[in-house]
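So the chains spell out like this:
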Amino acid sequence: MVERIHVDVKKWRKEIRRGVLKMCVLLLLSKKEMYGYEISKALETLGGDALHIEEGTLYPLLRRLENDGYVIAEWRYSNGKARRYYRITPLGSTFLESIKIFWNKLVDAVNRMMER
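Residues numbered from 1 in each chain as written. Predicted model: local features only at pLDDT ≥ 70, side-chain atom pairs only at ≥ 80, totals over all residues. Heavy atoms only, no water.

Draft legend 1. Layout of the packing of helix 2 (residues 36-47) against helix 3 (residues 55-67). Contact pair helix 2 / helix 3: the axes reach a minimum separation of 11 Å and the direction vectors enclose 115 degrees. When the axes of helix 2 and helix 3 are compared, the pair comes out roughly perpendicular. Crossing angle aside, the handedness with which helix 2 passes helix 3 is right-handed. Along its contact with helix 2, which presents Gly36, Tyr37, Ile39 and Ser40, the element helix 3 presents Leu58, Tyr59 and Leu62. Class assignment for the residues of the contact of helix 2 with helix 3 results in 5 nonpolar, 2 polar and no charged. (Axes fitted to C-alpha atoms, helices over the stretch in contact; angles between N-to-C directions. Helix = DSSP H or I, 4+ residues; strand = E, 2+ residues; numbered from the N terminus. Parallel < 35°, antiparallel > 145°, perpendicular 65-115°, else oblique. Left-handed = near helix turned anticlockwise from the far one by under 90°. Contact = heavy atoms within 4.5 Å. Nonpolar A, V, L, I, M, F, W, Y, C, P; charged D, E, K, R; others polar.)

Draft legend 2. Representation of the nonpolar core in the model. Core analysis: the biggest nonpolar cluster contains 24 residues, and Val25, Leu26, Leu29, Ile39, Leu43 and Leu65 have the highest contact counts within it. Within the residue set of this core, elements represented by two or more residues are helix 1 (2-31), helix 2, helix 3, strand 3 (81-88) and helix 4 (90-115). Once you skip the residues sitting within four places of it in the chain, Val25 turns out to touch Ile39, Leu43, Leu58, Leu61, Leu62 and Leu65. (Core = buried A, V, L, I, M, F, W, Y, C linked by side-chain atoms within 4.5 Å. Buried < 20%, exposed > 50% of the residue type's maximum accessible area, 1.4 Å probe, protein only.)

Draft legend 3. Highlighting the packing of aromatic side chains. Per the counting criterion, the structure on display carries 2 aromatic pairs. Geometrically, the ring pair formed by Tyr35 and Tyr85 is edge-to-face, given 5.4 Å between the ring centres and 70 degrees between the ring planes. A residue pair is termed long-range when its members are at least 10 positions apart, and Tyr35 in strand 1 (residues 34-35) and Tyr85 in strand 3 qualify at 50 residues. Residue Tyr35 shares its accessibility class with Tyr85, and that shared class is buried. Geometrically, the ring pair formed by Tyr70 and Phe95 is stacked, given 4.2 Å between the ring centres and 10 degrees between the ring planes. Here the residue Tyr70 occupies a position in the loop between helix 3 and strand 2 (71-78), and Phe95 occupies one in helix 4, the gap between them amounting to 25 residues. (Phe/Tyr/Trp six-rings, centres within 6.5 Å; stacked < 30°, edge-to-face > 60°.)

Draft legend 4. Structural detail: the pairing of strand 2. Alignment of strand 2 against strand 3, held across 8 bridges, turns out to be antiparallel. Directly across from Ile72, in strand 3, lies its bridge partner Arg87. With antiparallel pairing between neighbouring strands as the criterion, strand 2 and strand 3 make up a hairpin whose turn holds 2 residues, including Asn79 at a positive phi of roughly 55 degrees. (Pairing = 2+ DSSP bridges.)

Draft legend 5. A look at the environment of Glu54. Examined against the element boundaries, Glu54 turns out to sit in the loop between helix 2 and helix 3. In the structure, Glu54 is positioned 54 residues away from Asp108 in sequence and 30 Å away in space, judged by C-alpha atoms. Of note is the side chain of Glu54, whose polar atom sits 2.9 Å from the side chain of His52. (Polar contact = N/O pair within 3.5 Å; in protein donor to acceptor, adjacent residues only side chain to side chain.)

This is a description of form; function is not addressed.
The following block contains the structure:
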């Protein structure tokens, strides 16, 4: 029974985290263009363990955001290093604003329920 609860909690956390990470990446990119490692470090700095993301999760997420038209990416070379920089698109900004409105309503509603 306890093992099942542990598995269910891990699954639930993964599902919630997926959407939150998408929103947080867009939030970061709404402030400035960034490359993958920079995004990863910013998430970890601002969110600690809760927003730590492995490369194997980050880059597929960035590709999905790019395929959806929410970000665009371009290669840039600096000091002999190639880096893929990402920036939010106007569509991504509109999408982010909708997510932020929903997120704030959701957090307020859940907090009200937890206070009861």
